[in-house]
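Chain and residue survey
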Amino acid sequence: MASPRILSLLAVLVFSLLIWLYVREFAVLSNTLEVKGLVIGSMLVGGLISAGLIWRWRNRFTPWERHFPEVVLMLVFSVLFAPLFGSLLNRSLGESTTQSFDFVAETAYFASGYGILKGEKLTPTGWRLTVREGKTERRLKYKKQAYFPLTKPGDKILLPIRRGVFGVRVVEL
């Protein structure tokens, strides 16, 4: 059996890796078109799987009073990290296509952690693209460049879409 210090160090490294992956996944989640269903569904499935595994090995957690904090921690972490795994799984097994949208607007945004300094030249941090799909307006964010500087509102634009294994679409900008 490994020493408790090594197990603690390993747990901290795994937790740090999961946080790092989650932060990188935020950009993808902000461009996911049916993000609400993906997040809620992932949380439900993660909670059910975790509860099922705890129930399966319930003898290991007896007496319940002594292991209650561990069980709650496992349930909470499985529910909180389930959207990360749901999004990664959805994208990894999907197929890439293009889809037509009605262009509404593309605006630059500025983000500064410490405010704007006097005399500082402003450059956009990223862009927000607003498109319409039927009657639904979708807002997307990206940081690379302005993709539609000459496009007028109402024009049709093609965007790269990755339809995932769960049917959730992700715009790949």
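Sequence positions are assigned chain by chain, starting from 1 and proceeding in written order. In keeping with the model being predicted, local features are shown solely for residues with a pLDDT of at least 70 and side-chain atom pairs are shown and tallied solely at 80 or more, while totals for entire chains, interfaces and linings include all residues. Here the side-chain values reflect all heavy atoms present in the structure, with hydrogen atoms and water set aside.

Only the contacting stretch of a helix is used when fitting its axis, a line to C-alpha atoms as for every element, and angles between N-to-C directions run 0 to 180 degrees. A run of H or I in DSSP becomes a helix once it reaches four residues, and a run of E becomes a strand once it reaches two; helices and strands are each numbered from the N terminus. Contact geometry of helix 1 (residues 4–30) with helix 3 (residues 64–92) gives a least axis separation of 10 Å together with a crossing angle of 55 degrees. Our classification of the angle between helix 1 and helix 3 gives oblique. Both helix 1 and helix 3 take part in a crossing whose hand is left-handed. Contact with helix 1, carried on its side by F15, L18, I19, L21, Y22, E25, V28 and L29, involves F77, L80, F81, P83, L84, F85, S87, L88 and R91 of helix 3 and no other residues of that element. Residue type decides the class: Asp, Glu, Lys and Arg count as charged, Ala, Val, Leu, Ile, Met, Phe, Trp, Tyr, Cys and Pro as nonpolar, and the leftover types, Gly among them, as polar. Of the residues belonging to the contact of helix 1 with helix 3, the class tally is 14 nonpolar, one polar and two charged. Should an angle fall under 35 degrees it is taken as roughly parallel, and over 145 as roughly antiparallel, whereas 65 to 115 is taken as roughly perpendicular and any remaining angle as oblique. The hand of a helix crossing depends on one turn: near helix anticlockwise from the far one by less than a right angle means left-handed, and clockwise means right-handed. Between two residues, a contact is recorded if the distance between any of their heavy atoms is within 4.5 Å.

The next point concerns the pairing of strand 3 (residues 136–142). When strand 2 (residues 126–133) meets strand 3, the two strands line up antiparallel, connected through seven bridges. Opposite R128, over in strand 3, you have K141 as the bridge partner. Note on pairing: DSSP must find at least two bridges between two strands before they are called paired. Between strand 2 and strand 3, which pair antiparallel in sequence order, lie two residues; one of them, G134, sits at a positive phi of approximately 70 degrees.

The predicted coordinates of low-pLDDT regions are not to be read in fine detail. On average, residues of the chain score 90 in pLDDT, and 99% of them reach the 70 mark or higher. For every residue, the pLDDT score states the predictor's confidence, bounded by 0 at the bottom and 100 at the top. Across the chain, helix 2 (residues 35–56) holds the top mean pLDDT of 95, while strand 3 sits lowest at 90.

The next subject is the environment of L140. Position of L140 among the secondary structure elements: in strand 3. Judged by relative accessible area, which is 3%, L140 ranks as buried. Separated by 109 residues in sequence, L140 and N31 have C-alpha atoms that sit 5.2 Å apart. Residues in contact with L140, not counting those within four places in the same chain, are N31, L33, W127, R128, L129, V131, L159, V171 and L173. A 1.4 Å probe rolled over the protein chains alone gives each residue an accessible area, and that area as a share of the maximum for its type sets the label: buried under 20%, exposed over 50%, partly exposed in between.

The next subject is the nonpolar core. Membership of the largest hydrophobic core comes to 13 residues, with the highest contact counts inside it found for F101, L129, V131, L140, F148, I157 and L159. Among the secondary structure elements, those contributing two or more residues to this core are strand 1 (95–109), strand 2, strand 3 and strand 4 (156–163). Judged by nonpolar contacts, the second largest core, of seven residues, contains Y22, L29, L84 and V168. In this text, buried Ala, Val, Leu, Ile, Met, Phe, Trp, Tyr and Cys residues form a nonpolar core when linked through side-chain atoms within 4.5 Å.

Here we take up the pattern of salt bridges. In the sections that follow, a salt bridge refers to a side-chain nitrogen of Lys or Arg positioned within 4 Å of a carboxyl oxygen of Asp or Glu. Evaluated as defined, the whole model comprises seven salt bridges. The partner of E34 in a salt bridge is R169, with the nearest N and O atoms 2.7 Å apart. You can see E34 sitting in the loop between helix 1 and helix 2 and its partner R169 sitting in strand 5 (residues 169–171), a full 135 residues away along the chain. Take E34: its relative accessible area is 27%, and that puts it in the partly exposed class. Judged by its relative accessible area of 6%, R169 falls in the buried class. The salt bridge involving E137 is made with R132; its shortest N-O contact spans 3.0 Å. Overlapping salt bridges, with partners in common, bring together E34, E133, R138 and R169 in one network.

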